[in-house]
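An overview of the molecular structure
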Amino acid sequence: MTVKDLSRSRGTAVTTLLAWLSPAFPVGGYAYSHGLEQAVEDGDVKDEASLEAWLADAMALGFGRNDAILLQAAHRAAAACDVASLAAINELALAFAPTKELHLETSQQGRSFLDAALAAWSNERLTEIGEALDGPVAYPVAVGAAAAAHGVPAAEAAAAFLVAIAQALVSAGVRLAPIGQTSGARIVGRIAPLAREIAEETASLAVDDLANATFRLDLGSARHETQYTRLFRS
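Residues numbered from 1 in each chain as written. Predicted model: local features only at pLDDT ≥ 70, side-chain atom pairs only at ≥ 80, totals over all residues. Heavy atoms only, no water.

With that out of the way, let us pick up the overall build of the protein chain. Along its length, the protein chain carries 11 helices and 0 strands. The helix and strand sequence of the protein chain, counted from the amino end, reads α-α-α-α-α-α-α-α-α-α-α. Rg of the C-alpha trace for the protein chain: 17 Å, near the compact-globule value of 17 Å for 234 residues, within the 12% margin. Structurally, the protein chain occupies a C-alpha span of about 50 × 35 × 30 Å along its principal axes. Looking at the protein chain as a whole, 49% of its 234 residues are labelled buried. At a minimum sequence separation of 6, the contacts of the protein chain that also span at least 24 residues come to 81%. Here the protein chain has roughly 10,900 Å² of accessible surface; of this, 57% comes from carbon and sulfur atoms. Looking at the protein chain, you have 17 positive and 27 negative side-chain charges, and the mean spots of the two groups are 5 Å apart. (Helix = DSSP H or I, 4+ residues; strand = E, 2+ residues; numbered from the N terminus. Rg over C-alpha atoms; globule rule 2.2 N^0.38 Å. Buried < 20%, exposed > 50% of the residue type's maximum accessible area, 1.4 Å probe, protein only. Contact = heavy atoms within 4.5 Å. Areas by Shrake-Rupley, 256 points an atom, 1.4 Å probe, with all protein chains shown as cover. Lys, Arg positive; Asp, Glu negative; His and termini not counted. Charge placed at Lys NZ, Arg CZ, Asp CG, Glu CD.)

What follows is the structure in structure tokens.
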């Protein structure tokens, strides 16, 4: 591959990720807060500093690290055309969701993402993946598999995915707490390097390395199911 070809390939990967992870891509991410709404209700998140701390911990110690592992594991399985392993990774990803709402969050967005990708970005490999994942699909698994089908590098997909999730949660925080858009932009700017770091650190990990140390978030998510007034589905 020439330098020009390599540059073109990287450029295609970037534009593909920008399209897939845009708020305009029809996955319904605006409806979910990953437990943040309950954290605001409990007073754990009340300003810029506490939102950043909550999000950084959730990414480094909980869903961010796990999603990066699952996305890159799914990428490897899809790249190897190992649909049996891909299906097993997806089953584990869905089972790893600790609450009903978090299961809905990942499965609804994953299914919507894969359906949209199949409708607008289909190729032979992605069609095979769609046939193998014909039921509920975890969001990171769907993105990882689609990225492999389109030759998007796994680490790039994982880093972009985590930044997009961080942006969505910061947007939710702006709607829930007394935090302005400029504060939200500052948080995303400081969290983005963490997303890259997590993606790189998990590149060599497998599903056996999945772990979660965000117990308060998980309990809050379970309590959110009966929260009296809600803006979000999780």
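Let us now look at the pattern of salt bridges. Where side chains of opposite charge bring their charged atoms close, a pairing between them can arise. This model, assessed by the stated rule, comprises 8 salt bridges. Note that Glu48 and Arg186 form a salt bridge whose closest N and O atoms lie 2.7 Å from each other. With a gap of 138 residues between them, Glu48 in helix α3 (residues 48–61) and Arg186 in helix α10 (residues 181–201) connect regions that are remote in the sequence. Assessed through its relative accessible area of 19%, Glu48 is described here as buried. Owing to a relative accessible area of 39%, Arg186 belongs among the partly exposed residues under this scheme. (Salt bridge = Lys/Arg side-chain N within 4 Å of Asp/Glu carboxyl O.)

Another point: the side chain of Ser107. Its place among the elements puts Ser107 in helix α6 (residues 100–120). A distance of 3.4 Å separates a polar side-chain atom of Ser107 from the backbone oxygen of Leu104. Apart from residues lying up to four places away in sequence, Ser107 is in contact with Leu94, Pro136 and Val137. (Polar contact = N/O pair within 3.5 Å; in protein donor to acceptor, adjacent residues only side chain to side chain.)

A word on the nonpolar core. Within the largest apolar cluster, 72 residues are counted, with the highest numbers of intra-cluster contacts made by Leu55, Met59, Phe113 and Val141. In terms of residue count, helix α9 (residues 154–176) provides more of this core than any other element does, 11 residues in total. Excluding anything up to four places from it in sequence, Val141 contacts Ala74, Leu86, Ile89, Asn90, Ala93 and Leu133. (Core = buried A, V, L, I, M, F, W, Y, C linked by side-chain atoms within 4.5 Å.)

Their axes nearest at 8 Å, the elements helix α7 (residues 124–132) and helix α8 (residues 139–149) cross at an angle of 150°. Classified by the angle between their axes, α7 and α8 sit roughly antiparallel to one another. Where α7 crosses over α8, the two elements pack in a sense that is right-handed. Two secondary-structure elements touch here, α7 through Arg125, Leu126 and Ile129 and α8 through Ala145, Ala146, Ala148 and Ala149. By residue class, the composition of the contact of α7 with α8 is 6 nonpolar, no polar and 1 charged. (Axes fitted to C-alpha atoms, helices over the stretch in contact; angles between N-to-C directions. Parallel < 35°, antiparallel > 145°, perpendicular 65-115°, else oblique. Left-handed = near helix turned anticlockwise from the far one by under 90°. Nonpolar A, V, L, I, M, F, W, Y, C, P; charged D, E, K, R; others polar.)

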